[in-house]
Amino acid sequence: MTYALIAPPGAEPLALGQVKAHLRVDGDDEDQLLLSLIVTARQHLERETGLCLLTQDLRLYLDRWPRDGVIPIARGPVQGIQTVTVYEADGTPLQVSLEDHLLDGQSRPARLWLRDPPRPGQSLNGIEIDFRAGYGDAGTDVPDTLQRALLLHVAEMFAYRGVVDARDQPAGVPRGYERLIAPFCRRGL
């Protein structure tokens, strides 16, 4: 399973003013740095948890259908399935009907079931599932605990801005960050 970002979120879970108030920063000198640190903190948290904090469009690539017919989608919460495309051996795309599909977008992982999907003709990435995921369109839709973790992380990166270049962030996470995100993480054995 491979995931690709099709359309990034239209906003960030933290507003610049919110971050500046948390850091007690006045003035505009550090605004561009703070905006980039917000993006870095969100991307890091999304990688750690498998969550999409804000609404974004993704594509899941599969080689074949699961034996039990239930497709796990590790990125979530899934708001909806947009399209399912199966490629024939010659590369011709076939749109799969979503008329009788079942989606459990809130479970972790989300689960999708399709009625009688055609077999892919391509051995690699013969199936593409486009879906929309995220808690919502605004930062206020993101759980407060995750917003708190993001604020802590941005503050940590900001404190070490002279030591670690912005391109190399995140260099570390602050104390308490792992405890805040732990309930949202899926850990395997």
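Structural data are supplied above this passage.
J.: For this particular structure, what's the right way to read the sheet that holds strand E7 (residues 110-113)?
T.: What holds strands together in a sheet is hydrogen bonding between their backbones, with the strands either parallel or antiparallel. The antiparallel open sheet is built from 3 strands, whose spatial order is E3-E7-E6. The sheet terminates laterally at strand E3 (70-73) and strand E6 (102-104), the two strands that pair on one side only. In this sheet, adjacent strand axes meet at a mean angle of 15° when their direction is disregarded. The pairing of E6 with E7 spans 3 bridges and is antiparallel. Across the sheet, the residue bridging to Asp104 is Arg111, located in E7.

J.: Explain the pairing of E3 here, please?
T.: For a regular strand, side-chain orientation follows a simple rule: the groups alternate between the two sheet faces. Of the two faces of E3, the one holding Ile71 and Ile73 is buried and the one holding Val70 and Pro72 is not buried anywhere. Looking at chain direction, E3 and E7 are connected through 4 bridges and run antiparallel. Its bridge partner being in E7, Ile71 is matched across the sheet by Leu112.

J.: Help me out: how do you make sense of the environment of Glu99 in this one?
T.: Note on placement: Glu99 falls in the loop between strand E5 (93-95) and E6. For Glu99, a relative accessible area of 70% translates into the label exposed. Linking Glu99 and Tyr160, residues 61 residues apart in sequence, is a C-alpha distance of 52 Å.

J.: Where do I start with the packing of helix H1 (residues 16-23) against helix H3 (residues 144-159) in this structure?
T.: Two quantities define a packed helix pair, namely the angle between the helix axes and the distance between the axes. Across the interface, H1 lies against H3 with an axial gap of 10 Å and an inter-helix angle of 65°. For H1 against H3, the interelement crossing comes out right-handed. Along the contact surface, H1 presents Gln18, Val19, His22 and Leu23, while H3 presents Gln147, Arg148, Leu151, Val154, Ala155 and Phe158. Residue composition of the contact of H1 with H3, grouped by class: 6 nonpolar, 3 polar and 1 charged.

J.: For this particular structure, what's the right way to read the packing of H1 against helix H2 (residues 31-49)?
T.: H2 packs onto H1 with a crossing angle of 105° between their chain directions and a minimal axis gap of 10 Å. In terms of their interaxial angle, H1 and H2 are classed as roughly perpendicular. Of the residues in H2, those touching H1 at Leu16, Val19, Lys20 and Leu23 are Asp31, Leu34, Leu35 and Ile38. By residue class, the composition of the contact of H1 with H2 is 6 nonpolar, no polar and 2 charged.

J.: Explanation requested: the packing of aromatic side chains in the structure shown.
T.: Ring pairs (aromatic) are described by centroid distance and by the angle formed between their planes. What the rule picks out here adds up to 1 aromatic pair. An angle of 85° between the planes, with centres 6.3 Å apart, marks the rings of Tyr3 and Phe131 as edge-to-face. In this pair, Tyr3 is assigned in strand E1 (residues 2-7) and Phe131 in strand E8 (residues 127-133), connecting sequence segments 128 residues apart. Its relative accessible area of 25% is what places Tyr3 among the partly exposed residues.

J.: Got a minute to help me understand unusual backbone geometry in this structure?
T.: Negative phi values dominate among residues other than glycine, just as trans dominates among peptide bonds. In the segment running from Gly76 into Pro77, the intervening peptide bond is cis, with an omega of -5°. Its location among the elements puts Pro77 in the loop between E3 and strand E4 (78-87). Residue Pro109 is reached from Arg108 by a cis peptide bond, and omega for that bond is 0°. By the element assignment, Pro109 lies in the loop between E6 and E7. Here the phi dihedral of Asp116 falls at roughly 50°; this positive angle occurs in a residue that is not glycine. One non-glycine residue, Asn125, adopts positive backbone phi at about 55°. The residue Asn125 is located in the loop between E7 and E8 in this model. By relative accessible area, Asn125 is classed as partly exposed at 35%.

Rules behind the numbers
Residues numbered from 1 in each chain as written. Predicted model: local features only at pLDDT ≥ 70, side-chain atom pairs only at ≥ 80, totals over all residues. Heavy atoms only, no water. Pairing = 2+ DSSP bridges. Helix = DSSP H or I, 4+ residues; strand = E, 2+ residues; numbered from the N terminus. Axes fitted to C-alpha atoms, helices over the stretch in contact; angles between N-to-C directions. Buried < 20%, exposed > 50% of the residue type's maximum accessible area, 1.4 Å probe, protein only. Left-handed = near helix turned anticlockwise from the far one by under 90°. Contact = heavy atoms within 4.5 Å. Nonpolar A, V, L, I, M, F, W, Y, C, P; charged D, E, K, R; others polar. Parallel < 35°, antiparallel > 145°, perpendicular 65-115°, else oblique. Phe/Tyr/Trp six-rings, centres within 6.5 Å; stacked < 30°, edge-to-face > 60°.

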